[in-house]
Amino acid sequence: LTWDKERVFAAIVKSLKRDGKLLIESASPITCEIKGESLKYYLPEAGDVTIGAESKPASVVLNGTEISEWEYDENEGGIKITLPGGEGDLMIN
C-alpha cells in the first residue's frame, strides 16, 4: 500500500478506506491504482466491487466503453459494479 495526495496503489486488498471514506471494497482481493476519477485494477476473477464516490457519477467507462451495469449506493457513498477478471481500466465521470 502506498499513497500520496494524487493517487493510491494497493496490492491484494478487500477493503480500503482513507480518512474514514471508502476508496474500494471487493468481494475478492484486488490490486489497484486509484488516481482521481481513474481506477486501474487487476482481479484474478470477475467480482463485485464498490468504489467510493461522493456523488452519483454521470457515466462509468470500462476499458474504453461506457457501461450502464452499475448502481450508485448513496448510503455507502460509492458505485457498485461487477468487474471482469484480469486487468482493466475504469473511469468514473
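Provided above is the structure to which this section pertains.
These numbers come from a predicted model, not from an experiment. (Residues numbered from 1 in each chain as written. Predicted model: local features only at pLDDT ≥ 70, side-chain atom pairs only at ≥ 80, totals over all residues. Heavy atoms only, no water.)

### Description of the overall build of the chain
Summing up its helical and strand segments, the chain has 0 helices and 10 strands in all. Taken over the C-alpha trace, the chain has a radius of gyration of 12 Å; the compact-globule value for 93 residues is 12 Å, and the two agree within 12%. With the principal axes as the frame, the chain shows a C-alpha extent of 30 × 25 × 20 Å. Taking all 93 residues of the chain together, 39% fall into the buried category. Counted over contacts in the chain with a minimum sequence separation of 6, partners at least 24 positions apart contribute 47%. Carbon and sulfur atoms provide 46% of the accessible area of the chain, an area that totals close to 5,700 Å². Distance between charge centroids for the chain: 6 Å, based on 10 positive and 17 negative side chains. (Helix = DSSP H or I, 4+ residues; strand = E, 2+ residues; numbered from the N terminus. Rg over C-alpha atoms; globule rule 2.2 N^0.38 Å. Buried < 20%, exposed > 50% of the residue type's maximum accessible area, 1.4 Å probe, protein only. Contact = heavy atoms within 4.5 Å. Areas by Shrake-Rupley, 256 points an atom, 1.4 Å probe, with all protein chains shown as cover. Lys, Arg positive; Asp, Glu negative; His and termini not counted. Charge placed at Lys NZ, Arg CZ, Asp CG, Glu CD.)

### Looking at the nonpolar core
One finds Ile-24, Ile-51, Ile-81 and Leu-90 to be the most contacted residues of the largest nonpolar core, which totals 24 residues. Among the elements that make up this core, the one with the highest residue count is strand E3 (residues 21-35) (5 residues). (Core = buried A, V, L, I, M, F, W, Y, C linked by side-chain atoms within 4.5 Å.)

### Comments concerning the side chain of Ser-26
Relative to the assigned elements, Ser-26 resides in strand E3. Every residue in contact with Ser-26, bar those within four places of it in the chain, is listed here: Lys-14, Leu-43, Asp-48 and Val-49.

### Concerning the packing of aromatic side chains
Counted under the stated rule, the structure contains 0 aromatic pairs. One Lys or Arg, Arg-18, reaches over the ring of Trp-3 and ends 4.5 Å from the middle of that ring. (Phe/Tyr/Trp six-rings, centres within 6.5 Å; stacked < 30°, edge-to-face > 60°. Lys NZ or Arg CZ within 6 Å of the ring centre and 35° of its normal.)

### Some remarks on the pairing of strand E8 (residues 70-73)
When E8 meets strand E9 (residues 78-83), the two strands line up antiparallel, connected through 4 bridges. Across the sheet, the residue bridging to Trp-70 is Ile-81, located in E9. Once E8 ends, the chain turns through 4 residues before running back antiparallel as E9, passing Gly-77 with a positive phi of about 70 degrees. (Pairing = 2+ DSSP bridges.)

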